[in-house]
Amino acid sequence: SSSSSSSSWHSSFITSRSKPLSSSLFLRRRADCRRMFHSKTNGEERLDDDANMHPPIIDAPYFPIYYNDVYEVDLPKGHRFPMGKYRKVRKRVQEKIGSVSANDKKRVHCEFRVSPLATIEQLETTHDANYIHRYLTGDMTESENRNIGFPWSLQHVNRTLSSVGGTAAAACAVWEEYIRRQEHLQKAANTQQENESIQFLNEDTAHLCWGAHVAGGTHHAFKNYGEGFCIFSDIAVAANVLLQRYSSSSSMNQNSSAVVPLRRILIIDLDVHQGNGNAALFHSNTAVQTFSMHCSANYFSKKEHSDLDVELPIGCDDETYLTTLKYWLDRMEKHRFEEEEDGHKSIDGTWRKQFDLIFYQSGVDVHHQDRLGRLSLTTEGISKRNALVYNFAHRLQCPLVISMGGGYPKGDDWTSILEAHTNVYWESHKFLAENYANVVVGNGNTVAAL
């Protein structure tokens, strides 16, 4: 069986703003970080140059994949965190996507990009300025570092900033491309031109703007402390950056009359552990709704209250898990938020959709062979879980941002965990390709025939 609780929608949006940090020690270390980055990325590991990235011209699904394994971290011998999995997963995903036919590659605009370093300003949308400063300058106490689970090092500062930066970059890239396509559709509707350049974009698939980060999912980070291998919350920072830049109420939004203002974000967290940090960070923010489905016996600190928490029993199998997840996704899909129930509709008179963008924390520590998780899902069950989320986002016509999450191999056999992580990204690519394969475009042809 499973249990759930849902909090009331909260009324205020919390941000943390402070004076920019100017510590000479931090600046020196930041410069060291950048030199380390360039020394590692001038060779074969740097697969893409961000300066050469351009949004797609045609309307194939958009799917940039960010990765940060260029930032290597030398952990103490015997450390229990599987740092090597990130590069292994990224290479597997690249191999799978790289192996598709040339014709199939046309169906998804997919690029691999090195994760940028998050800025202090981005971090301060979510985390305490003093905490940020102390972490970046190595001024954390032994107790704080022990609670996080990593020894402090300059290498790890790099990795931490890129873990946040990659998710934020993916989210912004996805939202900007989504807006570009919606504006294109609106132009076509307003002008009613038959020109192929206007008609080529298909409104049934224009929302297929997804992004991914082969890292991140650091959902145990709080405003002024971290735990469970998490220092800063990449998803929370990315969500707050989006709201700061693109919400209709944002002073930074240069296009207040945007065809699709960003109003509400959903975080779907399917790691075996509760997304306690994100639950706390967005406790009073109705613009970000948090949904965490996790094991009832995998708490290692105080339980927090998400907007929706669903607990699963120890040993939960595929059938129970998938039935439960489908039930709650269906409930969320049918839910009408308070302002909509009061009769507020969109300009064209239709109901506004529930969410404008979705984050998916795709932890695979629900696998029965995971070292820390206490659920019993199979690799096939996790794939079906992913499909439920992908179909949910597709039905709601929401852009989707996928991050990694927990996954802890037992001993030296990493096969099942690596496969489960890899499938998250590979299956999302296949989903996009399959849902675009037979789209009719403006010239009367199908994409499959292009």
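Above this text sits the structure in question.
Here is a short report on the structure shown in this document. The residue numbering used here restarts from 1 in each chain and proceeds along that chain's sequence as written. Thresholds applied to this predicted model are a pLDDT of at least 70 for local features of residues and 80 or more for the giving and counting of side-chain atom pairs; totals over whole chains, interfaces and linings are not thresholded and use all residues. The side-chain values count all of the structure's non-hydrogen atoms but skip hydrogen atoms and water molecules.

1. Here we look at a positive patch on the surface
For patch detection, residues must exceed 30% relative accessible area and be free of salt bridges, and they are connected within 9 Å for like charges or within 5 Å for nonpolar side chains (Val, Leu, Ile, Met, Phe, Trp, Tyr). Accessible areas in this description were obtained via Shrake-Rupley with a 1.4 Å probe; residue shielding takes into account the shown protein chains only. Any Lys or Arg side-chain nitrogen found within 4 Å of a carboxyl oxygen on Asp or Glu counts as a salt bridge. Only four residue types enter the charge count, namely Lys and Arg as positive and Asp and Glu as negative; His and the chain termini do not. Lysine's charge is taken at NZ, arginine's at CZ, aspartate's at CG and glutamate's at CD. Taken together, the side chains of Lys88, Lys91, Arg92, Lys96 and Lys430 make up a positively charged region of the molecular surface. Among the elements that take part in the positive patch, helix α2 (residues 85-98) stands out by supplying 4 residues, more than any other. Secondary structure elements follow DSSP: runs of H or I no shorter than four residues count as helices, runs of E no shorter than two count as strands, and numbering proceeds from the N terminus. With respect to the helices and strands, the residue lysine 91 is situated in helix α2.

2. Section: the packing of α2 against helix α14 (residues 415-436)
Relative orientation and spacing of two packed helices are given, respectively, by the angle between their axes and the distance between those axes. Only the contacting stretch of a helix is used when fitting its axis, a line to C-alpha atoms as for every element, and angles between N-to-C directions run 0 to 180 degrees. Across the interface, α2 lies against α14 with an axial gap of 9 Å and an inter-helix angle of 45°. If you check the angle between α2 and α14, you find them oblique. Both α2 and α14 take part in a crossing whose hand is right-handed. On α14, the residues touching Lys85, Lys88, Val89, Arg92, Val93, Lys96 and Ile97 of α2 are Thr415, Leu418, Glu419, His421, Thr422, Tyr425, Trp426 and His429. Each residue gets one label: Ala, Val, Leu, Ile, Met, Phe, Trp, Tyr, Cys and Pro are nonpolar, Asp, Glu, Lys and Arg are charged, and the others, such as Gly, are polar. Counted by class, the contact of α2 with α14 contains 6 nonpolar, 4 polar and 5 charged residues. The labels follow the angle: roughly parallel below 35 degrees, roughly antiparallel above 145, roughly perpendicular from 65 to 115, and oblique for the rest. Less than a right angle of anticlockwise turn of the near helix away from the far helix marks a crossing as left-handed, whereas a clockwise turn marks it as right-handed. Here, two residues are considered to be in contact whenever any of their heavy atoms come within 4.5 Å of each other.

3. Some points on the pairing of strand β2 (residues 62-67)
Per-residue accessibility, obtained with a 1.4 Å probe over protein chains only, is compared with the maximum for each type, and a residue is labelled buried under 20%, exposed over 50%, and partly exposed between these values. Of all 6 residues that make up β2, 6 are buried, and the element is covered over most of its length. Neither face of β2 is open: one carries Tyr62, Pro64 and Tyr66, the other Phe63, Ile65 and Tyr67, and all of them are buried. Only strands that DSSP links by at least two bridges are regarded as paired with each other. By the bridge criterion, 6 bridges tie β2 to strand β3 (residues 109-114) in an arrangement that is parallel. Its bridge partner being in β3, tyrosine 67 is matched across the sheet by valine 114.

4. Structural notes on unusual backbone geometry
If you check the backbone angles, phenylalanine 229 has positive phi at about 70° while not being a glycine. Position of phenylalanine 229 relative to the elements: it lies in the loop between β4 (210-213) and α9 (234-246). Note on phenylalanine 229: relative accessible area 10%, which makes it buried. Unusually for a residue other than glycine, glutamine 397 sits at a positive phi of about 55°. By secondary structure assignment, the location of glutamine 397 is in the loop between α13 (379-395) and β9 (400-403). Assessed through its relative accessible area of 38%, glutamine 397 is described here as partly exposed.

5. Some remarks on the pairing of strand β5 (residues 265-269)
With 5 of 5 residues buried, β5 lies mostly within the body of the structure. Side chains Ile265, Ile267 and Asp269 of β5 all project onto a buried face; the interleaved residues Leu266 and Ile268 project onto the opposite face, where all are buried too. Both β5 and strand β6 (residues 288-295) contribute to a ladder of 5 bridges, which runs parallel. Opposite isoleucine 265, over in β6, you have valine 288 as the bridge partner. Each parallel crossover has a hand, and the one from β5 via helix α10 (residues 276-281) to β6 is right-handed. Here β5 runs beside strand β8 (residues 357-361); their pairing, made up of 5 bridges, is parallel. Considered in β8, the bridge of aspartate 269 is made with glutamine 361. Crossovers are described as right-handed under a simple rule: with the strands pointing away from the observer, the path leading from the first strand over the helix to the second runs clockwise.

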